[in-house]
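Listed below are the residues making up each chain.
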Amino acid sequence: MLHSSLRTLALSAVFLAGSFSLSAQAHDEYTYKDLNEQSVLAATWMQSSGEFKALSYQAFNLAKMQFDAFSDAYTGSKKIAVVVDADEAVIDNSAYQTWLIGKDFGYSSSTWAKWMEASEAKAMPGAKDFLNYVADNGGEVFYVTNRKIVGLEGTRKNLIELGFPNVDDAHLMLRTSTSNKEPRREIIAENYDIALFVGDNLNDFSSDFRVETIEESHAAVEKNKDLFGTKFIVLPNPSYGDWEGKVYKGNWGASPAEKSQMRKDVLNTWEPKN
């Protein structure tokens, strides 16, 4: 009996070791190419759906209404400004995202620099008309983007070719020493009253949103809920953003398998009842 029990324990240990080995192997074999496949549906929606265009037009229609309301009521002495992010706010970089699909690597500063240099981003639907409306009606547009200074010339060329206004050194404010946009917003506010902000990322609007967790992010949204649609105009971007880092608990260096699992771990899933 003892011999039989020992044999059973030994077989169990072998089985568990084998299972662990297979699990580890599967973990190691999950690549960036696999992770990039998760981008397909979001990219397809952004490039193919009428709903994406409709939401973009809706955002800029609302932005125009709020700009007019601000301008009509304005009695201050400063000039009026509108502050916009660039990527996925007024220009569409989804072609870069789709280029990553099928590749066994993720976003990198080197490939992103080549994309910026190519100057091939398209205008978000409604962006050109709105920004030129601001410039033609007493306002100035500031582009506060976290593109690094290495992308300045490509970004400038891209925005000019798209027909956007105020594309000069005074209004094009790229990232230098920090990704925090608050210091750049404060510089603008010294000489301008800001009518509204346009962005796809909560950090495009206020330092209130520079938080570390999903829960803190939701709390900041609740705190500022009355400003969405009035002072803050949000564009849809399901492909990437600071929200993704919160899913990873700040661990951007996690493996593709770990990132995939962390994405799944935050899902609220329905379970059918028997």
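That block above? That's the structure.
Report follows, based on the coordinates.

Procedures and definitions
Residues numbered from 1 in each chain as written. Predicted model: local features only at pLDDT ≥ 70, side-chain atom pairs only at ≥ 80, totals over all residues. Heavy atoms only, no water. Phe/Tyr/Trp six-rings, centres within 6.5 Å; stacked < 30°, edge-to-face > 60°. Helix = DSSP H or I, 4+ residues; strand = E, 2+ residues; numbered from the N terminus. Buried < 20%, exposed > 50% of the residue type's maximum accessible area, 1.4 Å probe, protein only. Salt bridge = Lys/Arg side-chain N within 4 Å of Asp/Glu carboxyl O. Pairing = 2+ DSSP bridges. Axes fitted to C-alpha atoms, helices over the stretch in contact; angles between N-to-C directions. Contact = heavy atoms within 4.5 Å.

**Some thoughts on the packing of aromatic side chains**
Evaluation of the coordinates by the stated rule reveals 19 aromatic pairs. Aromatic pair Tyr-96 and Trp-99: ring centres 5.8 Å apart, planes at 35 degrees, arrangement tilted. Residue Tyr-96 and its partner Trp-99 are located together in helix α5 (residues 94-100), separated by three residues, close to a single helical turn. Relative accessible area serves as the criterion here: at 36%, Trp-99 is assigned to the partly exposed category. Grouped by ring-pair contacts, the aromatic residues Tyr-96, Trp-99, Phe-105, Tyr-107, Trp-112 and Trp-115 constitute a single cluster.

**Topic: the pattern of salt bridges**
The full count for this structure, using the stated rule, is 10 salt bridges. The salt bridge involving Glu-182 is made with Arg-185; its shortest N-O contact spans 2.7 Å. Placement of both Glu-182 and Arg-185 in helix α9 (residues 182-191) is noted, with a separation of three residues, approximately one turn of the helix. Among the residues examined, Glu-182 registers a relative accessible area of 22% and is labelled partly exposed. In this structure Arg-185 comes out as buried when scored by relative accessible area, which is 5%. Several salt bridges converge on common partners, so that one network encompasses Asp-85, Lys-181 and Asp-204.

**Here we look at the sheet that holds strand β1 (residues 79-84)**
Read from one edge of the open sheet, five strands run β5-β4-β1-β6-β7, paired in parallel fashion. Single-partner strands in this sheet number two, and they are β5 (172-175) and β7 (232-234). Between one strand and the next, the sheet's axes are offset by a mean angle of 25 degrees, whatever the strand orientation. Pairing analysis gives three bridges linking strand β4 (residues 139-148) to β5, with the strands arranged parallel. Bridge assignment links Tyr-143 to a residue of β5, and that residue is Leu-172. Sheet strands in contact with helix α8 (residues 152-161) are β4 and β5, and its direction is about 145 degrees off that of β5. Contacts between α9 and the sheet are confined to β1, β4, β5 and β6 (192-199), with β6 contributing the most and set at about 145 degrees to the helix.

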